[in-house]
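# Observations on the three-dimensional arrangement
In case you want the letters, here they are:
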Amino acid sequence: METVGVTLLFRFPAHTLERLEIHRLCKLLIEERHDDLARMYILFKRVDGHGLLKDAFTVYVMERGKDIVLKPERDKFMVEDLLKLKKQLDEVVTRSFQSSTEFDSAIKTTFEDFINKRPNKPAEMIAKFFDAKLRTGYKECTEEVLEDLFDRTMVLFRFINGKDVFEAFYKNYLARRLLLQKSASDDAERTILSKLKHECGSGFTSKLEGMFKDMKLSADLTSSFRDTVQRDSIGSGIDLTVNVLTSSQWPTYTPVEMPLPSEISALQASFTEFYTSNHRNRKLTWETTLGHCLISGNFPKGAKDLQMSIYQGKCLVHSCAAHLLPFNLVLRPCV
């Protein structure tokens, strides 16, 4: 059997054999025929043909990768498809190619090549993928499954050249999760930060960590301010939460002036006085566009809680006042 195999391999010119094996290898990889792939690997090893096999393997990986990355209509599935492809190829190398470091290296080199053929988009989609998973947290899977998913996604992150682009998108998504209280798990958030810090260094994550610190300090500030509000009986019926953000650590937002209802304006002025009396060298700039509110209303079919932006809340409050409808307001602006 060995002699026949050698004879068959060397009857063809190298370029003909290469085209033949690319076709055969692609078919076996697509059908995930691991036993046949293992036999092909052993056969080529006997005749010192790993170079041809690796070249064919690299062509397959490149074409599959470009098919995923370069199709805008498939962007929302990009990360899932890349994770699936990487898992399939790793399994082939382990089960069929005897855990060959040569083929493993070919996967990494080819992934880095095709994933950067479309600048910025893979970085954006990886950040968006993390955002989606951090919004659901452990609701859809166990901690172990989510940890494994994060580890495999970090492998993709290593391949992208535009890590600064990833940071910008990740920071924007993180800001929305924190300010809108959409993060499902603090532990999962910390896990991603730890992985990014390990991969890129503390300089890469310092601002992201600062955002979490701002939220913690803001919670303490709000608690102290509420004691002041209760003592002075300001803003009755309104529960105000203020997030004080360090401008250098958060995404840049365009300030928009918006007149607020008098009850809220009184609370706003009270918080400004409270804050500046304790931090005399700091200046507050109110970013009401980042805030949201929870309005509790009594409707004909029962009480309802409505969460919306401050813009929407202002319109609803005016409408309620015009129709003499009762409401309670929970406001969460940012400064």
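Our subject is the structure that appears above.
This is a predicted model, so every value here is computed, not measured.

### Some remarks on the overall build of the chain
Of regular secondary structure, the chain possesses 13 helices and four strands. Across the chain, contacts joining residues at least 24 apart in sequence account for 72% of those joining residues at least 6 apart. Accessible surface computed for the chain: about 18500 Å², of which carbon and sulfur atoms make up 51%.

### Considerations on the packing of helix H5 (residues 78–95) against helix H7 (residues 121–136)
Viewed as axis vectors pointing N to C, H5 and H7 meet at an angle of 95°, and their least axial separation amounts to 9 Å. Considering the angle they form, H5 stands roughly perpendicular to H7. Across the interface between the two elements, Met 78, Val 79, Glu 80 and Leu 83 of H5 pack against Lys 121, Pro 122, Met 125, Ile 126 and Phe 129 of H7. Each residue belonging to the contact of H5 with H7 can be placed in one class, and the counts come to seven nonpolar, no polar and two charged.

### Overview of the side chain of Lys 171
Mapped onto the elements, Lys 171 comes out in helix H9 (residues 163–179). For the buried Lys 171, which has no salt bridge, the nearest side chain bearing the opposite charge is Glu 167, at an N-O separation of 4.9 Å. Setting aside anything within four residues of it in sequence, one finds Lys 171 in contact with Lys 207, Leu 208, Met 211, Gln 249, Trp 250 and Pro 251.

### A short note on a negative patch on the surface
Taken together, the side chains of Glu 143, Glu 144, Asp 186 and Asp 187 present a region of like negative charge at the surface. Following the sequence through the fold, Asp 186 ends up in helix H10 (residues 186–200). Look at Asp 186 and you get exposed, because its relative accessible area is 57%.

### Examining unusual backbone geometry
Although it is not a glycine, Glu 32 sits at a positive phi angle of roughly 55°. Here Glu 32 is to be found in the loop between helix H2 (14–30) and helix H3 (34–46). Although it is not a glycine, Gln 98 sits at a positive phi angle of roughly 55°. The residue Gln 98 is located in the loop between H5 and helix H6 (101–115) in this model. Given the relative accessible area of 45%, Gln 98 is considered partly exposed.

So, how was this worked out
Residues numbered from 1 in each chain as written. Predicted model: local features only at pLDDT ≥ 70, side-chain atom pairs only at ≥ 80, totals over all residues. Heavy atoms only, no water. Helix = DSSP H or I, 4+ residues; strand = E, 2+ residues; numbered from the N terminus. Contact = heavy atoms within 4.5 Å. Areas by Shrake-Rupley, 256 points an atom, 1.4 Å probe, with all protein chains shown as cover. Axes fitted to C-alpha atoms, helices over the stretch in contact; angles between N-to-C directions. Parallel < 35°, antiparallel > 145°, perpendicular 65-115°, else oblique. Nonpolar A, V, L, I, M, F, W, Y, C, P; charged D, E, K, R; others polar. Buried < 20%, exposed > 50% of the residue type's maximum accessible area, 1.4 Å probe, protein only. Lys, Arg positive; Asp, Glu negative; His and termini not counted. Salt bridge = Lys/Arg side-chain N within 4 Å of Asp/Glu carboxyl O. Patch = residues over 30% accessible without salt bridge, like charges linked within 9 Å, V, L, I, M, F, W, Y side chains within 5 Å. Charge placed at Lys NZ, Arg CZ, Asp CG, Glu CD.

Spatial relationships are all this shows, so hold off on functional conclusions.
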